[in-house]
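Remarks on the overall topology
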Amino acid sequence: MALVSASLLKAGLVLLLAAHFLPSVSGCHTGYYEMAINDFCLTKFQLDMAGLDRGLWCSWKDTMEIYEGTTNCTYQVALKMDCFWPNQIVDRFFMQIHRIYFHDCALTGRLLHDPPTSILAPFIAVPVLITLLMTALVVWRSKRTEGVL
């Protein structure tokens, strides 16, 4: 009995050590990945944003290409370094970018807007008119007692 529990303890210890050391040997090294995206992707993003007038930073039309390039950069670096993408490092990376560059941007460009009146009016008018018509029909029908049953 003691021999079996000692064997299980050794096997558990080996599995614990393997789980701790194998990912760093065979998979993504998160420290290097973070350094790489900061060196390559963030630097390029900063240069591109510096070339753009600060008043245009909140314009999605003007920053979309830069932002997509940065997103693609983080993905390509992840592929080269055998890292999963997206991951927590990428999330923190983009949160940092948003805190620095887009914190003053209003949500007006991304909020939902009402449809044009030409679309909205029929969707309001038709149910209202049907309700009024049905009410008038019920009142008219209730005043005519002849022929009821």
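Residues numbered from 1 in each chain as written. Predicted model: local features only at pLDDT ≥ 70, side-chain atom pairs only at ≥ 80, totals over all residues. Heavy atoms only, no water.

**A look at the packing of helix 2 (residues 30–50) against helix 4 (residues 88–101)**
As a reminder of what qualifies: Lines fitted to C-alpha atoms define the axes here, with helix axes fitted over just the stretch in contact, and angles between the N-to-C directions of these axes take values from 0 to 180 degrees. Secondary structure elements are taken from DSSP: a helix is a run of H or I of four residues or more, a strand is a run of E of two residues or more, and numbering for both begins at the N terminus. Angle categories are assigned with fixed cut-offs, so that under 35 degrees is roughly parallel, over 145 is roughly antiparallel, 65 to 115 is roughly perpendicular, and the rest are oblique. The hand of a helix crossing depends on one turn: near helix anticlockwise from the far one by less than a right angle means left-handed, and clockwise means right-handed. In this description, contact between two residues means that some pair of their heavy atoms is separated by no more than 4.5 Å. Residue classes follow a fixed rule: Ala, Val, Leu, Ile, Met, Phe, Trp, Tyr, Cys and Pro count as nonpolar, while Asp, Glu, Lys and Arg count as charged, and any other residue, Gly among them, counts as polar.
Interaxial distance between helix 2 and helix 4 falls to 11 Å at its minimum, and their mutual angle equals 30°. Comparing their axes, helix 4 and helix 2 come out roughly parallel. Crossing of helix 2 over helix 4 shows right-handed handedness. On helix 4, the residues touching Thr30, Tyr33, Glu34, Ile37, Asn38, Cys41, Leu42, Phe45, Gln46 and Met49 of helix 2 are Ile89, Val90, Arg92, Phe93, Gln96, Ile97 and Tyr101. Partitioned by chemical class, the residues of the contact of helix 2 with helix 4 number eleven nonpolar, four polar and two charged.

**With respect to a nonpolar patch on the surface**
Using the following cut-off: The patch calculation keeps residues exceeding 30% relative accessible area without a salt bridge and links them within 9 Å when they carry like charges or within 5 Å when they are nonpolar (Val, Leu, Ile, Met, Phe, Trp, Tyr). In these tables, accessible area is a Shrake-Rupley quantity obtained with a 1.4 Å probe, and a residue counts as shielded only by the protein chains included in the view. By salt bridge we mean one thing: a side-chain nitrogen of Lys or Arg within 4 Å of a carboxyl oxygen of Asp or Glu. For every residue, the accessible area (1.4 Å probe, protein chains only) is compared with the maximum for its type, and the residue is labelled buried under 20%, exposed over 50%, or partly exposed between those bounds.
Where nonpolar side chains cluster on the molecular surface, the patch consists of Leu120, Ile124, Val128, Leu129 and Leu132 and spans about 460 Å² of accessible area. Residue position: Leu129 is located in helix 5 (residues 117–143). Judged by relative accessible area, Leu129 falls into the exposed class, the value being 56%.

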